[in-house]
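Each chain, letter by letter, is given below.
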Amino acid sequence: MFATKTIAPAFKQACRTPATVRFTYPTHRFLSATTTSKVLISDAIKNDHRSLEEARDKIYDANKAGDADTQRRWQNQFTWELARHSIGEELVVYPAFEKHLPDGKEMAESDRGEHRKVKEHLAKFQVMTPDDKEFIPTLEALWTDLGHHIQEEESEDLPKLEQALKDEDSQALTDSFARTKHFIPTRSHPSAPDRPPYETVMGLMAAPMDKLRDLFAKFPREKRNDQLKDVP
Ligand SMILES: [Fe+2]
Ligand SMILES: [Fe+2]
């Protein structure tokens with residue numbers, strides 16, 4: 001049933017915004033409750049997956065072109081997006097598996113185990129420089145595990161979840177998932193009041209999940225447009 005529903009254009013556009021813009025503007029600016037209100041959680045997750053594929057391909061292209069600076073930029077984009085995406089799923093989506101699906105606990109545990117493997121690759125990759133001969137092989141090894149995980153989520157886990165949820169419940173999960181964008185740093189203004197709690201991706205990935213859950217619960221559920229005007 002979920003396959004017939006479309007992605008809100010504004011949300012899709014937000015996920016396609018180039019890396020340079022996304023580092024300047026906090027992503028939650030694009031993913032407010034307004035822009036995500038009609039998006040099913042499976043479509044939101046798939047959009048993130050497509051963005052990760054895009055970032056990976058940009059790294060490969062820049063590597064072929066011998067452009068270290070562009071590789072570095074997309075490496076940063078890829079690293080933060082993957083860390084944030086994984087934590088967003090662990091905070092919002094996997095608990096929904098456990099709550100709504102009879103075999104949800106096993107599904108969530110299996111997915112968390114796959115995330116652990118991917119995060120180990122990511123911890124290595126994110127400190128590498130493009131001139132390291134292991135730079136591309138490390139990304140390839142990461143993607144071997146991540147690609148398998150993405151395929152499983154999209155073909156098995158998310159269809160099961162959508163079947164168990166009403167549309168409005170799925171859309172509410174999307175709004176919660178969008179709030180995890182707070183975990184991406186607003187680098188241009190480190191002292192901005194909406195600064196995320198972690199300044200490095202390693203700090204974010206190493207944070208205990210219960211601590212992140214407590215922090216996440218304290219994020220605003222919705223930002224009014226007039227509050228966003230001060231965000232550069
Ligand atoms: Fe995942
Ligand atoms: Fe995912």
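Scroll up a little and you will see the structure.
Residues numbered from 1 in each chain as written. Chains lettered and ligands numbered in written order. Predicted model: local features only at pLDDT ≥ 70, side-chain atom pairs only at ≥ 80, totals over all residues.

Glancing now at the overall build of the protein chain. Along its length, the protein chain carries eleven helices and zero strands. Going residue by residue from the N terminus, the α and β elements of the protein chain occur as α-α-α-α-α-α-α-α-α-α-α. The 232 residues of the protein chain split such that 37% are buried. Intrachain contacts of the protein chain at a sequence separation of at least 6 include 74% that bridge at least 24 residues. (Helix = DSSP H or I, 4+ residues; strand = E, 2+ residues; numbered from the N terminus. Buried ≥ 20, exposed ≤ 12 C-beta atoms within 10 Å, placed from the backbone. Contact = placed C-beta atoms within 7 Å.)

Quick look at the environment of Met202 now. Along the polypeptide, Met202 turns up in helix H9 (residues 201-206). Considering only alpha carbons, one finds Met202 and Val127, 75 residues apart in sequence, at a separation of 9.6 Å.

Our next topic: the nonpolar core. Counting 39 residues, the largest nonpolar core has Ile41, Ala83, Val93, Phe97 and Phe177 as the members making the most contacts within it. Those elements giving two or more residues to this core turn out to be helix H4 (41-64), helix H5 (68-100), helix H6 (104-125), helix H7 (135-164), helix H8 (167-179) and H9. Per-element accounting of this core gives the leading share, twelve residues, to H5. In this structure, Ala83 is in contact with Leu122, Val201, Leu204 and Met205, ignoring residues within four places of it in sequence. (Core = buried A, V, L, I, M, F, W, Y, C linked by C-beta atoms within 7 Å.)

Let's shift gears to the environment of Ser170. Turning to its location among the elements, Ser170 is positioned in helix H8. The class of Ser170 is buried, set by 22 C-beta atoms lying within 10 Å. For Ser170, the contacting residues outside a window of four places in its chain are Leu40, Ile41, Glu162 and Leu165.

Function cannot be read off these values alone, since they describe shape.
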